[in-house]
Amino acid sequence: MKITKGPAGWWRRMFAFLYELLLLIAVVLLAGGLSQGVFQLLTGLPVTALPDHLLASALHFTWVMSVAFVYFAWCWRGGQTLAMRTWHICVVKNDGSPLGWREVGIRFAVVVLCTLPCAPFWIFARHHADLRIVAWLLTGLFFVPFLWALLDKERRFLHDRLAGTQLLIAASKI
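Note that residues are indexed from 1 along each chain, following the sequence as it is written. Local features in this predicted model are restricted to residues whose pLDDT is 70 or higher, and side-chain atom pairs enter the listing and the counts only when it is 80 or higher, whereas totals over whole chains, interfaces and linings include all residues. Each side-chain value is worked out from all heavy atoms of the structure, with water and hydrogens disregarded.

### Thoughts on the nonpolar core
Only buried residues count toward a nonpolar core, which is a set of Ala, Val, Leu, Ile, Met, Phe, Trp, Tyr and Cys residues joined through side-chain atoms within 4.5 Å. Only protein chains enter the accessibility calculation, which uses a 1.4 Å probe; a residue is then buried when its area is under 20% of its type maximum, exposed when over 50%, and partly exposed in between. In this structure, Trp76, Phe108, Phe157 and Leu167 are the most contacted members of the largest nonpolar core, which totals 28 residues. Helix numbers and strand numbers start at the N terminus; a helix is a DSSP run of H or I with at least 4 residues, a strand a run of E with at least 2. For this core, the leading source of residues is helix α2 (residues 54-78), giving seven residues. Working rule for contacts: check all heavy atoms of both residues, and any pair within 4.5 Å makes them a contact. Phe157 has contacts with Trp10, Arg13, Met14, Pro145, Phe146, Trp148, Ala149 and Leu167, leaving out every residue within four places of it along the chain.

### So, unusual backbone geometry
If you check the backbone angles, His88 has positive phi at about 55° while not being a glycine. Relative to the helices and strands, His88 resides in the loop between α3 (82-86) and β2 (89-93). Despite not being glycine, Arg155 shows a phi value in the positive range, around 60°. Mapped onto the secondary structure, Arg155 falls in the loop between α6 (132-151) and α7 (158-163).

### Structural notes on the UniProt feature "transmembrane region" (unreviewed entry) in the protein chain
When the UniProt feature table is mapped onto this chain numbering, "transmembrane region" (unreviewed entry) sits at residues 53-76, 104-125 and 131-151. End C-alpha to end C-alpha, residues 53-76 measures 34 Å, and it is 96% helix and 0% strand. Secondary structure across residues 131-151 divides into 95% helix and 0% strand, with the first and last C-alpha atoms of the span separated by 30 Å. UniProt positions are given in the numbering used here, feature names are shortened, and annotations may be inferred rather than shown by experiment.

### A word on the environment of Phe61
Within the element layout of this structure, Phe61 appears in helix α2. Of the residues examined, Phe61 reaches a relative accessible area of 44% and is grouped as partly exposed. Residues Phe61 and Ser35, spaced 26 residues apart in sequence, show a C-alpha to C-alpha distance of 9.2 Å.

### What about the packing of helix α1 (residues 10-43) against α6?
Here the axes come from fitting lines to C-alpha atoms, over the contacting stretch only for helices, and the angles between their N-to-C directions go from 0 to 180 degrees. Following both chains from N to C, one finds α1 and α6 inclined at 160°, their axes separated by 11 Å at the closest point. What the angle tells us is that α1 and α6 run roughly antiparallel. Viewed along their axes, α1 and α6 form a crossing whose handedness is right-handed. On the side of α1, the interface is formed by Trp10, Arg13, Met14 and Phe17, while α6 contributes Phe142, Phe146, Ala149 and Leu150. In terms of residue class, the contact of α1 with α6 is made up of seven nonpolar, no polar and one charged. Here the angle decides the label: under 35 degrees means roughly parallel, over 145 means roughly antiparallel, 65 to 115 means roughly perpendicular, and every other value means oblique. What makes a crossing left-handed is the near helix being turned counterclockwise from the far one by less than a right angle; a clockwise turn instead makes it right-handed. Three residue categories are used. Nonpolar comprises Ala, Val, Leu, Ile, Met, Phe, Trp, Tyr, Cys and Pro, charged comprises Asp, Glu, Lys and Arg, and polar comprises the others, including Gly.

### Examining the packing of aromatic side chains
Centre distance and the angle of the planes are the two values used to describe a pair of aromatic rings. Aromatic rings from Phe, Tyr and Trp, with only the six-membered ring used for Trp, were paired whenever their centres fell within 6.5 Å, and each pair was classed as stacked if the ring planes differed by under 30 degrees, edge-to-face if by over 60, and tilted otherwise. Tallied over the full model, the rule gives 13 aromatic pairs. Between Phe142 and Phe143, the aromatic rings sit 5.1 Å apart at their centres with planes inclined by 90°, giving edge-to-face as the arrangement. Look at Phe143 and you get partly exposed, because its relative accessible area is 42%. Among the aromatic residues, those joined into a cluster by ring pairs are Phe69, Tyr71, Phe72, Trp76, Trp101 and Phe108. Two thresholds decide whether a charge sits over a ring: the Lys NZ or Arg CZ must be within 6 Å of the ring centre and within 35 degrees of the ring normal. A cation over an aromatic ring shows up here: Arg13 above the ring of Phe157, its NZ or CZ 4.5 Å from the ring centre. Over the ring of Trp76 we find Arg107, and its NZ or CZ is 4.5 Å from the ring centre.

### A short note on the side chain of His159
By the secondary structure assignment, His159 is in helix α7. Filtering out sequence-adjacent residues up to four positions away, His159 remains in contact with Arg107, Val110, Val111, Pro145 and Thr165.

### Remarks on the pattern of salt bridges
By definition here, a salt bridge exists when the distance from a side-chain nitrogen of Lys or Arg to a carboxyl oxygen of Asp or Glu is within 4 Å. The tally for this structure, following the rule as stated, stands at six salt bridges. Between Glu103 and Lys93 there is a salt bridge; the shortest N-O distance is 3.9 Å. One end of the pair, Glu103, is in helix α4 (residues 101-115); the other, Lys93, is in strand β2, and 10 residues separate them in sequence. Residue Glu103 is classed as buried on the basis of its relative accessible area of 9%. By relative accessible area, Lys93 is classed as partly exposed at 23%. A salt bridge links Glu154 to Arg156; the nearest nitrogen and oxygen atoms lie 3.0 Å apart. Relative accessible area serves as the criterion here: at 39%, Glu154 is assigned to the partly exposed category. With relative accessibility at 11%, the residue Arg156 sits in the buried group. Each of Asp152, Glu154, Arg156 and Arg161 takes part in salt bridges that share partners, so that together they form one network.

Written out as structure tokens, the structure is:
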């Protein structure tokens with residue numbers, strides 16, 4: 001990978017993030033559909049019965065999160081996801097070397113901790129008005145990595161700062 005102009009700009013990273021969300025939705029839908037199909041085949045119950053089975057729901061969630069982790073780990077260790085390729089961005093360690101498992105794990109964990117709590121609370125808040133304030137607070141947590149980048153002296157996202165990684169402009173794949 002040939003790196004040219006240094007750090008990728010905030011807007012370029014945001015557009016890559018939005019594109020990444022679309023790709024991640026596809027990955028999660030495929031993994032979730034496979035998991036639900038297996039549930040239906042093994043139990044004979046309709047897919048709508050999955051939330052009623054705690055163990056099956058936990059296994060479903062673990063499977064989907066594992067698939068998401070494998071997707072990002074595979075891409076980040078190679079330097080780019082499809083969205084990063086499209087926006088000519090690559091992820092490297094601070095010293096310019098490829099990411100290791102430690103950096104991948106930290107990046108993934110921070111992103112998950114900042115984004116994952118939002119969805120369940122919004123689902124509960126639809127039925128329990130007293131949880132809406134919690135849902136709004138957790139939505140604020142979703143924006144922490146992006147706001148961090150506005151305040152960080154090198155404009156890095158929170159997960160990049162904590163993992164010791166950076167997003168650079170990539171000219172082309174060699």
